[in-house]
Amino acid sequence: MHRTPEGARGFLIAVSLLGGAVLIAALGGVLAFGALQGAFPRSLDNAYPGYLLLLFSVLFLAPLLILAARLFPFITDWYYLLPAIVFLLAFTVYPIFLTIYFGFTDYTGIKSGKADRSTETQIVRLEGTQLVLASDAAAALRCEAQNCAGERLEVTSETERATVRVVSSSGPEVELESAPPFTPKFVYRINTFKYIGFKNYMGIFASASSILWPVFLWNVIFAIFAVLVGALPGLVLGLLLNNKDLKFRGFYRTALIISWAMPAVISAQIWQAMLNVQFGPINRFLGLLGSYPIPWLIDQEWAKVAILLVSMWLGVPYWMTATLGALSTIPDDVYEAAKIDGASPRQMLLSITLPLLRQPFTPLILGSLAFNFNNFGLIYLLTGGGPAAAGRPSTAQATDILISWAYKTAFQWDGGQAYGLGGAISVIIFFITVFISLINFRVTGAFREVR
Amino acid sequence: MSMARILSWVLALAAVGWLLVFYVVGVGSTYRGLLERIQASAPIGFIRVENGWAYALGGLLALAAAIFVYSYAVVAAGNARHKRRKSHWPLFWQGLTHLFMLLFLLFIYYPVVQILAASFDPTNSLYKFSTPQTDNLLLKARVIPDFSNASWENYLRLFDGIAVYSYQWILFLAAAVTLLGVLGLAGYRRLRGDAEENSPWATLQARLLMAFAISAFVLVAFLSPAQFTSQNTEAKFVLWIRNTLFVSGLTGLLAILLTAPAGYAFARFTFPGRYSMLLVFIFIQMFPGFLGLIAIYILMSNLNLLNTYTGLVLAYSGGIISFGTWVYKGFLESISKSLEEAALIDGATKWQAFTRVLLPLSAPMFVFIFLLQFVGTYSEFILANIFLTGVDSWTVGMGLRNFTSGQFSTKWGLFAASAVLGSLPILATFYGFQRYFVSGYTAGSVKE
């Protein structure tokens, strides 16, 4: 049996071998993709799909891994980890870093780094590094500067495309930094996005008093109360159902689980229908109790109450089950001993049951807090963040939490998408989540458990 | 408890209480409380009973009193017969517990019953002004649904115009028969008290379940949008179910493929950096996957994987890797090493020891990881919503939303019918594999 060299050296060797193999494979994938396009050119409307890159890279990776296993037999141990690590890096870690990067740019749906198709202009001819267009360059390409200096252009032929930078232009003539490697037919201006430093963050904190703080405050209140309204009734139900003399306890337990078992994406939408002001079954029921129609989902404050009501409906069975599970681990003789000592049921509850529940409940409560803190689905499907709150943009309304604010900023910004700003908000959420996670780590002792 | 501690609790509770009171009734003219935000006017057809709450409360108290009388009488009669002195309080307490449980069941099942009723109502009357002509107050207020006009129309519209090939009927039949077999066997085993994992009936049950899974998978994988000939959006419902099951199933399978080898390596190998890598794994687990949503969207857009299930499955895959690896590692550590060591001594490679010895033993854990990811993905909305465009590739959640957020009319009947049908696969999975979920969800700190 071959073993990885000991210590940090072994770790570094293994990681650099794996990383090297993946990098070379990725490079090979890019080259193969280029070669394919070069050998069998396809028109740009029908270009080769980008995922071929991934396929080619995997094809390159396989022989590389076999080769590495021949040369360094110990590396095979690491191959078991490779798929998980690659997927984690590609679809969890890399996107997080990319989001952080976007947070420092003015990336939007328009400034997307892509060619603006509405600036399409025909190229008459190419002379060295000079393009001659069919019409006045600055007007046709809608450059920011008079002579288009510094703009990036995309030039295309039927099968090829390239990006070039403008030195200057006058009339229809455009002077480029370097000539494109083929004879282009059309030219487009590229809407670049650029690094803008902390501008997004400064914008967020400059308007913090009307957006960030209220949203954050509601987010915290929502997370805490969503746990409370689920956990307290769930605890009571669990304690009641733990009574072994109670008939039908199995039935109650199974029947109550339904709201946990239903897909939340459906139950949230069912509740939206239930809470309709004029016709909703909830208001019809409350009408029998003497209430006028309650403006659920329409009034700012009632919308919050509605969200907590639905959180309760969704959360109670989970906490009931958790309580029953935790109670089943408490041995009976503890209670018998207490009974012999003459303890009353109330004393047993307060000084045996509840203290013993604290330990199993702590990680569950923290986990549930972290989950509810980012419970986008419930908010988005129930209220959509609404109703509108005075003085706040459409992306951060009365019941919006941070994550739905980020989502709506990124994808439903006025007339487009503000990826950069959305990224910046995500980074703020990221830090808060790290904070909660660290507390979770400390309290639950996950570090120690690993050893 | 010391005096100071009690005092601080009392003060804190009082402060929270005051805040709540102000929240409900309002603070003068600066802040309108919850109660002040209700307009004192009832729309047409809204039935309001003045002081109805007093009647309801009175009814509940009367019930409690009846329970008291009953328990007192029963215990007293028993005492008299058996010449003993037993307290009637435990029985009374049990009665109250039942009352409480029934009220809670009412709360939990009220939306379920209402949506069931709406699904059988072709006239959309859940959202109509007119009230039924009846003297029963509960029926009139439509708190108790009126099933007198029930019809399958909403359901039929969901299945309208689907062209099913004959091989699909056969597969469907096979799936239905095997599923019935599994359920029948489960009931039979429960009746006989057969809880063994290795009894012949259990083996048969597992095989039937496998057959069901395979036929259902083939059915789902080969159902194509071309088979849905109706012009109506709602007639694509089966296609949405199919899409959701397809994505969820693939995501679940991918989760097993990715986490099994990693869990094995962490459980059995000793290599430098193992501890820190495990830490990184569980640390990553604590981040909701969609924090990187924007970047994943851009990434998939550059790879031309938007609006494809491949892209969606890849985007979901990051979510469970850490947790699944962690759980599987824990599972393997609870299995003795002696079996594999025997295999290794006989000349098997590590890979053979893993695939031949450990994998067959790990089936329950794989079922758990699969189900966790399957159920989680089925309920996912946010990524699907930005990834998938076009009616043909929607998932159930997106289709449902289309019924209620339609610009011109809200199709409540269709919404209700598809909510009922759309919940069934997950309800069946959850109740069928209840013990996996209960142990899994409550052991780790994950909750979907």
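Remember, predicted model here, so these are calculated numbers, not experimental data.

Parameters and conventions
Residues numbered from 1 in each chain as written. Chains lettered and ligands numbered in written order. Predicted model: local features only at pLDDT ≥ 70, side-chain atom pairs only at ≥ 80, totals over all residues. Helix = DSSP H or I, 4+ residues; strand = E, 2+ residues; numbered from the N terminus. Rg over C-alpha atoms; globule rule 2.2 N^0.38 Å. Buried ≥ 20, exposed ≤ 12 C-beta atoms within 10 Å, placed from the backbone. Contact = placed C-beta atoms within 7 Å. Core = buried A, V, L, I, M, F, W, Y, C linked by C-beta atoms within 7 Å. Domains from an automatic or database assignment. Nonpolar A, V, L, I, M, F, W, Y, C, P; charged D, E, K, R; others polar. Pairing = 2+ DSSP bridges. Axes fitted to C-alpha atoms, helices over the stretch in contact; angles between N-to-C directions. pLDDT = per-residue confidence, 0-100. Parallel < 35°, antiparallel > 145°, perpendicular 65-115°, else oblique. Left-handed = near helix turned anticlockwise from the far one by under 90°.

### Looking at the overall build of chain A
Tallying secondary structure elements over chain A gives 18 helices and six strands in all. For chain A, the C-alpha radius of gyration of 30 Å lies well beyond 22 Å, the compact-globule estimate for 451 residues. Taking all 451 residues of chain A together, 39% fall into the buried category.

### A short note on the overall build of chain B
The secondary structure content of chain B amounts to 18 helices and two strands. What you see for chain B is a C-alpha radius of gyration of 28 Å, clearly larger than the 22 Å of a compact globule of 448 residues, by over 25%. In terms of its C-alpha atoms, chain B occupies a principal-axis envelope of roughly 80 × 70 × 60 Å. Counting across all 448 residues of chain B, residues that qualify as buried make up 33%. Of the contacts made within chain B by residues no fewer than 6 positions apart, 74% connect residues no fewer than 24 positions apart.

### Quick word on the interface of chain B and chain A
Many descriptions give the size of an interface as the accessible area lost when the pieces come together. Residue-level contacts link 95 residues of chain B with 95 residues of chain A. Sort the elements by how many residues they give to the side of chain B that touches chain A and helix 3 (residues 89-119) of chain B lands first, with 12 residues.

### Looking at the nonpolar core
By size, the foremost hydrophobic cluster in this structure holds 170 residues, and its most contacted members are A:Ala306, A:Val310, A:Leu382, B:Leu312, B:Ala315, B:Ile369 and B:Leu383. The leading source of residues in this core is helix 8 (residues 237-268) of chain B, at 15 residues. Contact partners of B:Leu383, with chain neighbours within four places excluded, come to B:Phe290, B:Leu293, B:Leu312, B:Ala315 and B:Tyr316. A:Ala137, A:Leu153, A:Val166 and A:Val174 belong to the second largest nonpolar core, which has 18 residues in total.

### Brief notes about the domain arrangement of chain B
Residue and element names in this part refer to chain B. Each domain of chain B was delimited in the assignment, giving domain 1 (52-119), domain 2 (163-227) and domain 3 (230-443). Averaged C-alpha coordinates put domain 2 and domain 3 at centres separated by 21 Å. Tallying the contact residues gives five residues for domain 2 and six residues for domain 3. For the side of domain 2 that touches domain 3, the per-class residue count stands at five nonpolar, no polar and no charged.

### Concerning the domain arrangement of chain A
Each assigned domain of chain A is listed here: domain 1 (7-80), domain 2 (117-189) and domain 3 (203-450). Relative to domain 3 of chain A, the C-alpha centre of domain 1 of chain A lies at a distance of 44 Å.

### Side note on the pairing of strand 3 (residues 152-156) of chain A
Successive side chains on a regular strand alternate, one facing one side of the sheet and the next facing the other. Residue and element names in this part refer to chain A. Among the five residues of strand 3, four are classified as buried, and the element is accordingly described as predominantly covered. In terms of strand pairing, strand 3 meets strand 4 (residues 161-170) through five bridges, oriented antiparallel. Looking at the pairing, Glu154 lines up with Thr163 of strand 4. With antiparallel pairing between neighbouring strands as the criterion, strand 3 and strand 4 make up a hairpin whose turn holds four residues. Strand direction decides the pairing type here: strand 3 and strand 6 (residues 186-189), joined by four bridges, are antiparallel. If you follow Thr156 over to strand 6, its bridge partner there is Phe186.

### Some points on the environment of B:Tyr23
Residues and elements named next belong to chain B. With respect to the element layout, Tyr23 can be found in helix 1 (residues 3-25). The exposure class of Tyr23 is partly exposed, given the 16 C-beta atoms found within 10 Å. Considering only alpha carbons, one finds Tyr23 and Asp160, 137 residues apart in sequence, at a separation of 50 Å. Aside from chain neighbours lying at most four places away, what touches Tyr23 is Gly33 and Leu34.

### Regarding the sheet that holds strand 1 (residues 121-127) of chain A
In space, the six strands of this closed barrel follow the order 1-2-5-4-3-6 (chain A), with antiparallel pairing throughout. Pairwise comparison of adjacent strand axes, ignoring direction, gives a mean angle of 45° for this sheet.

### Concerning the confidence of the model for chain A
In this model, chain A carries an average pLDDT of 87, and 98% of its residues clear a pLDDT of 70 or more. No element of chain A has a lower mean pLDDT than helix 18 (residues 446-450) of chain A, at 58, and none a higher one than helix 7 (residues 212-241) of chain A, at 94.

### Some thoughts on the confidence of the model for chain B
Residue and element names in this part refer to chain B. The predicted model of chain B averages 86 in pLDDT, with 94% of residues at 70 or higher. Contacts of residues 443-448 to residues separated by more than four positions or lying in other chains number 16 contacts, the stretch itself having pLDDT below 50. Here the prediction assigns the complex a pTM of 0.89, and the interface score ipTM is 0.89.

### A word on the pairing of strand 6 of chain A
All names here are of chain A. Along strand 6, one buried face is formed by Phe186 and Tyr188 and the opposite face, lined by Val187 and Arg189, is buried too. Here two bridges tie strand 1 to strand 6, and the two strands are oriented antiparallel to one another. Residue pairing for strand 6: Thr121 is matched across the bridge by Val187.

### Concerning unusual backbone geometry
Although it is not a glycine, A:Leu297 sits at a positive phi angle of roughly 60°. In this structure, B:Asn307 takes a positive phi of about 60° despite not being glycine. As for its position among the elements, B:Asn307 is in the loop between helix 10 (293-302) and helix 11 (309-333). B:Asn307 gets classed as partly exposed once you count the C-beta atoms within 10 Å, which come to 15.

### A word on the packing of helix 7 of chain A against helix 12 (residues 300-327) of chain A
Residues and elements named next belong to chain A. Packing of helix 7 against helix 12 brings their axes to within 6 Å, and their N-to-C directions diverge by 45°. By the angle between their directions, the pair helix 7 and helix 12 is classed as oblique. Where helix 7 crosses over helix 12, the handedness of that crossing is right-handed. Here the residues of the contact of helix 7 with helix 12 are counted per class, giving 19 nonpolar, six polar and no charged.

### Description of the environment of A:Ala389
Residues and elements named next belong to chain A. For Ala389, the position within the fold is in the loop between helix 15 (376-382) and helix 16 (402-412). Classification of Ala389 as buried rests on a count of 20 C-beta atoms within 10 Å. Considered as a pair, Ala389 and Gln300 are 89 residues apart in the sequence and their alpha carbons are 7.2 Å apart.

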